[in-house]
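# Residue-level structural notes
The lines below spell out each chain.
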Amino acid sequence: VQLQASGGGLVLPGGSLRLSCAASGRFFSSTNMGWFRQAPGKEREFVAGISGTGLKTYYANSVKGRSTISRDNAEKTVYLRMNSLKPEDTAVYYCARATYSSNVIYTSSPQYGQWGQGTLVTVSS
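The model shown is predicted, which means the values in this text are computed figures rather than measured ones.

So, how was this worked out
Residues numbered from 1 in each chain as written. Predicted model: local features only at pLDDT ≥ 70, side-chain atom pairs only at ≥ 80, totals over all residues. Heavy atoms only, no water. Helix = DSSP H or I, 4+ residues; strand = E, 2+ residues; numbered from the N terminus. Buried < 20%, exposed > 50% of the residue type's maximum accessible area, 1.4 Å probe, protein only. Contact = heavy atoms within 4.5 Å. Areas by Shrake-Rupley, 256 points an atom, 1.4 Å probe, with all protein chains shown as cover. Lys, Arg positive; Asp, Glu negative; His and termini not counted. Charge placed at Lys NZ, Arg CZ, Asp CG, Glu CD. Disulfide = S-S within 2.5 Å. Pairing = 2+ DSSP bridges. Axes fitted to C-alpha atoms, helices over the stretch in contact; angles between N-to-C directions.

The next subject is the overall build of the chain. Within the chain, the secondary structure is distributed over zero helices and 11 strands. Counted from the first residue to the last, the chain has its helices and strands arranged as β-β-β-β-β-β-β-β-β-β-β. Principal axes of the C-alpha set define a box for the chain whose edges measure 40 × 25 × 25 Å. Across the 125 residues of the chain, 42% fall into the buried class. Counting contacts in the chain only where the partners sit at least 6 residues apart, residues at least 24 apart contribute 59% of the total. With the model as given, the accessible surface of the chain reaches about 6,500 Å², and the carbon-plus-sulfur share is 48%. Averaging the coordinates of the 13 positive side-chain charges in the chain and doing the same for the 6 negative ones gives two points 5 Å apart.

What follows is the structure, given as C-alpha cells:
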C-alpha cells in the first residue's frame, strides 16, 4: 500500500483546509486510517483517526470540534477537513494506515505501518 497526501498550503488564521490521502493497493477498507502532524522542533502527534467502515472516528483534543476526518473507500481516499485554523496548527501532516485491523483507533504512531510523504500546512497572516 502506498499513501499520497495532498492539500496542504498557506492558510490565514481562521481559514479552512481539506487534506486528502490517496491510497493504492488492496484491503483499504479493512483497516483504520489516521492523520498525524509534526511541527518544527516537536514530535509527531496524532490528529485524527477513522475506522475502516468510516463509522468510528477519534480526534485529538487540540483539533476536536473544528476538524472532520472522513473516507471514501470506493476512491481509496481519506480526508481531513480542518476549520478555524490557528498558527499552532502549522505542521507537516501525514496520513497513515494501521498495521492491523482493529476495533480500536490507535493514537500512537507505532500502530501505523504505512505512511504518506506528508503535506505542509502553514497557518500565518
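Before going further, it helps to spend a moment on the state of the cysteines. The full count for this structure, using the stated rule, is one disulfide. Here C21 is linked by a disulfide to C95, with a sulfur-sulfur distance of 2.1 Å. Disulfide C21 to C95: torsion about the S-S bond roughly 65 degrees, handedness right-handed. Here C21, found in strand β3 (residues 17–23), pairs with C95, found in strand β9 (residues 91–98); they are 74 residues apart in sequence, far enough to count as distant. Assigned by exposure class, C21 and C95 land together as buried.

On the basis of which strands lie adjacent, the open sheet formed by four strands has the order β1-β3-β8-β7 and antiparallel pairing. Each having just a single partner strand, β1 (3–6) and β7 (67–72) make up the two edges of the open sheet. The average undirected angle you get between the axes of adjacent strands in this sheet is 15 degrees. Summarising the sheet, β7 and strand β8 (residues 77–82) pair through six bridges and their orientation is antiparallel. If you follow D72 over to β8, its bridge partner there is T77.

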